[in-house]
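Remarks on the overall topology
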There are 2 protein chains.
Amino acid sequence: MPAEPTPDPSAHATRGLLLDLEGVLYEGGQAIAGAREAVQTLRERGLELRFLTNTTVRPRREVAERLTAMGFAIALEHLFTPAMAAAALLREAGLQRVWLAALPGLGEDFAGFTLDEAQPQAVVLGDLHLGFDWTLLNRVFVALRAGAVLIALHKNRYCRRDGVNALDLGPFVAALEYAAGVEARVVGKPSAEFFRLALLDLRLAASEVAMVGDDLQADVGGAQAAGLRAIQVRTGKYDPRDPSPVTPDLVIDSLAALPASL
Amino acid sequence: MPAEPTPDPSAHATRGLLLDLEGVLYEGGQAIAGAREAVQTLRERGLELRFLTNTTVRPRREVAERLTAMGFAIALEHLFTPAMAAAALLREAGLQRVWLAALPGLGEDFAGFTLDEAQPQAVVLGDLHLGFDWTLLNRVFVALRAGAVLIALHKNRYCRRDGVNALDLGPFVAALEYAAGVEARVVGKPSAEFFRLALLDLRLAASEVAMVGDDLQADVGGAQAAGLRAIQVRTGKYDPRDPSPVTPDLVIDSLAALPASL
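Residues numbered from 1 in each chain as written. Chains lettered and ligands numbered in written order. Predicted model: local features only at pLDDT ≥ 70, side-chain atom pairs only at ≥ 80, totals over all residues. Heavy atoms only, no water.

1. Structural notes on the overall build of chain A
Selection rule: The way it works is that DSSP assigns letters per residue, a run of H or I at least four long becomes a helix, a run of E at least two long becomes a strand, and they are numbered from the N terminus. Every radius of gyration here is taken over C-alpha atoms, with the globule rule written as 2.2 Å times N^0.38, N being the number of residues. Burial here depends on accessible area, computed with a 1.4 Å probe over protein chains only, as a share of the maximum for the residue type. Under 20% is buried, over 50% is exposed, and the range in between is partly exposed. By definition in these notes, contact holds between two residues if any of their heavy atoms fall within 4.5 Å. Using a 1.4 Å probe, accessible areas were evaluated by the Shrake-Rupley method; residue-level cover was limited to the displayed protein chains. When charges are counted, Lys and Arg are positive and Asp and Glu negative, with His and the chain ends excluded. Here the site of a charge means NZ on Lys, CZ on Arg, CG on Asp, or CD on Glu.
Summing up its helical and strand segments, chain A has 8 helices and 15 strands in all. Taking 262 residues into account, the globule formula puts the C-alpha radius of gyration at 18 Å, and chain A, at 19 Å, falls close to it. Its C-alpha atoms give chain A principal-axis dimensions of about 55 × 35 × 35 Å. Across the 262 residues of chain A, 55% fall into the buried class. Here the contacts in chain A between residues at least 6 apart in sequence split such that 65% fall between residues at least 24 apart. On chain A, roughly 11100 Å² of surface is accessible, and the fraction owed to carbon and sulfur atoms is 51%. Put simply, chain A has 25 plus and 32 minus side-chain charges, and the middle of one group is 3 Å from the middle of the other.

Okay, here's the thing in structure tokens:
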């Protein structure tokens with residue numbers, strides 16, 4: 001695979017792009033040089049764009065507001081978050097009564113559903129941090145035993161909190177899966193489900209879409225496992241010494257180089 | 001396999017017995033008819049006996065006191081609980097500094113160890129019920145990441161609490177295994193580890209020992225998986241309609257029939 005920003009000969013059929021946000025569009029709250037123009041150029045070429053993020057702590061509206069503040073013109077409906085993916089999954093499965101066991105701010109992303117903690121058809125689980133205690137987990141267990149579907153916004157093992165590694169959402173998903181003898185549907189990157197639902201939103205096939213990301217595991221590996229081509233940028237958390245066996249289909253210096261590479 | 005209390009032709013080599021407590025020796029706080037005499041007869045025949053229970057909420061001394069109150073003469077050192085098994089495992093692995101994340105009453109079963117929550121070499125996890133919250137679990141996660149071994153007193157998915165199914169210890173073991181990327185050593189029935197450690201305590205080989213229990217899964221299935229023969233009694237939770245595919249090596253009406261069956 002070419003590692004230089006030369007045109008990818010297999011890319012001529014690309015009709016859509018999935019773009020990671022942090023590390024691809026911006027870094028440290030600032031737009032990456034040339035990223036705004038690149039987004040505009042790609043759009044003018046008629047490419048369908050969706051912007052992906054794994055955040056589960058803020059609603060889509062807040063994500064859009066931050067992008068607007070950085071000078072990106074991105075429509076709300078082109079942002080795809082785990083909450084969007086979960087909502088798509090619920091609609092697909094015809095589940096209306098939802099217990100949103102997540103930070104309350106996410107509620108606006110589930111506006112079309114009936115929030116029902118007593119008799120939910122599905123439990124959407126986000127990171128509750130200190131909110132995860134025996135009583136809450138047992139209530140979810142009871143709902144799962146009564147037949148509710150478990151949807152996890154992601155299944156990360158641990159994350160940085162106050163500078164140290166600490167429990168993330170994943171262990172609590174694992175606990176509930178074990179207790180109730182079920183398997184959660186996980187919608188955050190790098191789950192294939194997330195990419196499948198983003199393609200559904202684009203109305204394009206995997207072969208017509210490329211993912212652009214800085215994270216070799218979550219972005220590149222996840223997209224390739226779901227059948228998409230994956231382009232890695234040398235910005236954000238890009239690290240040439242990453243020991244992962246994943247190989248991107250293309251590596252470019254930054255999003256600014258993408259229009260010339262397609 | 002014979003289902004009647006007739007002598008088992010393969011039993012002539014039996015030199016030791018593992019006896020479950022509840023449902024085998026007693027039911028509802030009362031000794032089962034003939035059980036006390038059977039224990040006495042088996043002992044007079046020179047059989048080595050160990051009494052097994054999966055309790056993780058009371059120390060061995062309290063279990064012994066209850067048995068004494070019901071008229072059983074059983075030495076403390078012949079009782080084998082998950083705490084005993086965990087202590088044996090710690091000694092075998094040469095681990096001295098232990099965080100006993102269990103009900104405080106169990107502490108006396110770990111008298112020979114140094115209790116150390118700050119830098120443990122092993123975390124022994126019992127059911128803490130409401131004590132399981134994010135902060136406690138995260139502290140255990142940090143200890144595991146620092147290299148501590150995880151020993152679980154059992155890994156049951158759920159149990160009855162106040163008359164309804166509720167989370168047991170197992171889901172929290174699963175959460176920690178997932179978070180830290182480790183596998184717990186589980187010492188309660190039906191784990192093969194429990195039977196292996198009980199045999200070590202008896203100083204007998206699996207082929208020389210039979211397990212006597214009322215629970216088809218935990219007692220009979222667990223013992224057979226560990227290479228022991230297993231005798232089921234028709235007392236306690238015995239249920240002839242149990243759909244489990246496990247087949248005991250022998251089924252007897254109650255412990256009173258055991259001396260005549262060996």
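2. Examining the packing of aromatic side chains
Put simply, the rule is: Side-chain rings of Phe, Tyr and Trp, where Trp is taken by its six-membered ring, are said to pair if the distance between their centres is within 6.5 Å; with planes under 30 degrees apart they count as stacked, over 60 as edge-to-face, and otherwise as tilted. Should the NZ of a Lys or the CZ of an Arg lie within 6 Å of a ring centre and within 35 degrees of the ring normal, that charge is described as sitting over the ring.
Tallying each qualifying case throughout the model produces 10 aromatic pairs over all chains. Ring geometry for Tyr158(A) versus Phe141(B): centroids 5.7 Å apart, planes at 40 degrees, classification tilted. Of this pair, Tyr158(A) sits in strand 10 (residues 158-161) while Phe141(B) sits in helix 4 (residues 134-145), which puts the two residues in different chains. Overall, the relative accessible area of 1% leaves Phe141(B) in the buried class. Taken together, a centroid distance of 6.3 Å and an interplanar angle of 75 degrees make the contact between Phe194(B) and Phe195(B) edge-to-face. For Phe194(B), a relative accessible area of 0% corresponds to the buried category. These aromatic residues form a ring-pair network of at least three members: Phe80(A), Phe194(A) and Phe195(A). Between the NZ or CZ atom of Arg157(A) and the centre of the ring of Tyr178(B), over which it lies, the distance is 4.2 Å. Above the ring of Tyr158(A), the side-chain terminus of Arg145(B) is found at 4.3 Å from the ring centroid.

3. Things to note about the interface of chain A and chain B
Counted only if it meets this: Values labelled buried area give the accessible surface lost by two parts on being combined, using a 1.4 Å probe and summing over both. In what follows, salt bridge is the name for a side-chain nitrogen of Lys or Arg lying within 4 Å of a carboxyl oxygen of Asp or Glu. Any N or O atom pair separated by 3.5 Å or less is treated as a polar contact, with the protein-specific requirement of one donor-capable and one acceptor-capable atom, and with residues adjacent in sequence counted only for side-chain atom pairs.
Across the contact, 26 residues belong to chain A and 26 residues belong to chain B. Buried area between chain A and chain B, summed over both chains or domains, comes out near 2400 Å², and the portion from carbon and sulfur atoms is 66%. Summed over the shared surface of chain A and chain B, the number is 0 salt bridges. Viewed at the interface, chain B and chain A are joined by 10 residue pairs in polar contact (both at pLDDT 80 or more). Elements that contribute at least two residues to the side of chain A that touches chain B include exactly helix 4 (134-145), strand 10, strand 11 (164-167) and helix 5 (170-180) of chain A.

4. Comments concerning helix 3 (residues 82-93) of chain B
Residue and element names in this part refer to chain B. Put simply, the test is: In this analysis, the expected span of each helix is defined as 1.5 Å times one less than the number of residues it contains.
An ideal rise of 1.5 Å per residue puts 16 Å on 12 residues; helix 3 measures up with 16 Å between its terminal C-alpha atoms. Within helix 3, 9 of the 12 residues are buried, which leaves the element mostly enclosed by the surrounding structure. Along helix 3, the residues that are buried comprise Pro-82, Ala-83, Met-84, Ala-85, Ala-86, Ala-87, Ala-88, Leu-89 and Leu-90. Of the residues flanking the end of helix 3, it is Gly-94, one or two places downstream, whose phi is positive at about 65 degrees.

5. Things to note about the sheet that holds strand 13 (residues 209-213) of chain A
Each strand in a sheet pairs with its neighbour through backbone hydrogen bonds, running either in the same direction (parallel) or in the opposite one (antiparallel). Residues and elements named next belong to chain A. Inclusion rule: Two strands qualify as a pair provided DSSP detects at least 2 bridges between them.
On the basis of which strands lie adjacent, the open sheet formed by 6 strands has the order 5-4-1-13-14-15 and parallel pairing. Two strands bound the open sheet, and with one partner strand each, they are strand 5 (79-80) and strand 15 (250-252). One ladder, built from 2 bridges, connects strand 4 (residues 48-52) with strand 5; its direction is parallel. Pairing of Phe-51 across the sheet is with Leu-79, part of strand 5.

6. Some words on the relation of the copies chain A and chain B
Our working rule: Least-squares superposition aligns the copies on the C-alpha atoms of those residues with pLDDT at or above 70 in both.
It takes a turn of 180 degrees to lay chain A on chain B, together with a shift of 0.0 Å along the axis; the resulting RMSD is 0.1 Å. The symmetry that links the two subunits is that of a two-fold axis. Across chain A, the rotation axis passes nearest the C-alpha of Asp133(A), at a separation of 2.1 Å. Most of the interface of chain A is mirrored in chain B, where 100% of its interface residues are also at the interface.

7. Some remarks on the pairing of strand 8 (residues 122-125) of chain A
Residues and elements named next belong to chain A. Let me state the cut-off plainly: We call a crossover right-handed when, viewed with both strands directed away from the observer, the connection leading from the first strand over the helix to the second proceeds clockwise.
Neither face of strand 8 is left uncovered, since the one carrying Ala-122 and Val-124 and the one carrying Val-123 and Leu-125 both have all their residues buried. Across 4 bridges, strand 6 (residues 97-101) lies against strand 8 in parallel orientation. Within strand 8, the position partnered with Ala-101 by the bridge is Leu-125. Strand direction decides the pairing type here: strand 8 and strand 9 (residues 149-152), joined by 4 bridges, are parallel. Within strand 9, the position partnered with Val-123 by the bridge is Leu-150. Following the backbone out of strand 8, through helix 4 and into the adjacent parallel strand 9, one traces a crossover that is right-handed.

8. Considering the pairing of strand 14 (residues 229-233) of chain A
Side-chain direction in a regular strand flips from residue to residue, so the side chains alternate between the two faces of the sheet. Residues and elements named next belong to chain A. With 5 of 5 residues buried, strand 14 is to be regarded as a mostly interior element. Every second residue of strand 14 is oriented toward a common face, with Arg-229, Ile-231 and Val-233 on one face and Ala-230 and Gln-232 on the other, all of them buried. In terms of strand pairing, strand 13 meets strand 14 through 4 bridges, oriented parallel. Across the sheet, residue Met-211 finds its bridge partner in strand 14, namely Ala-230. Handedness of the crossover is the feature at issue here: the chain leaves strand 13, passes through helix 7 (residues 216-225), returns alongside strand 14, and the resulting connection is right-handed. Across 3 bridges, strand 14 lies against strand 15 in parallel orientation. Residue pairing across strands places Ile-231 opposite Leu-250, the latter belonging to strand 15.

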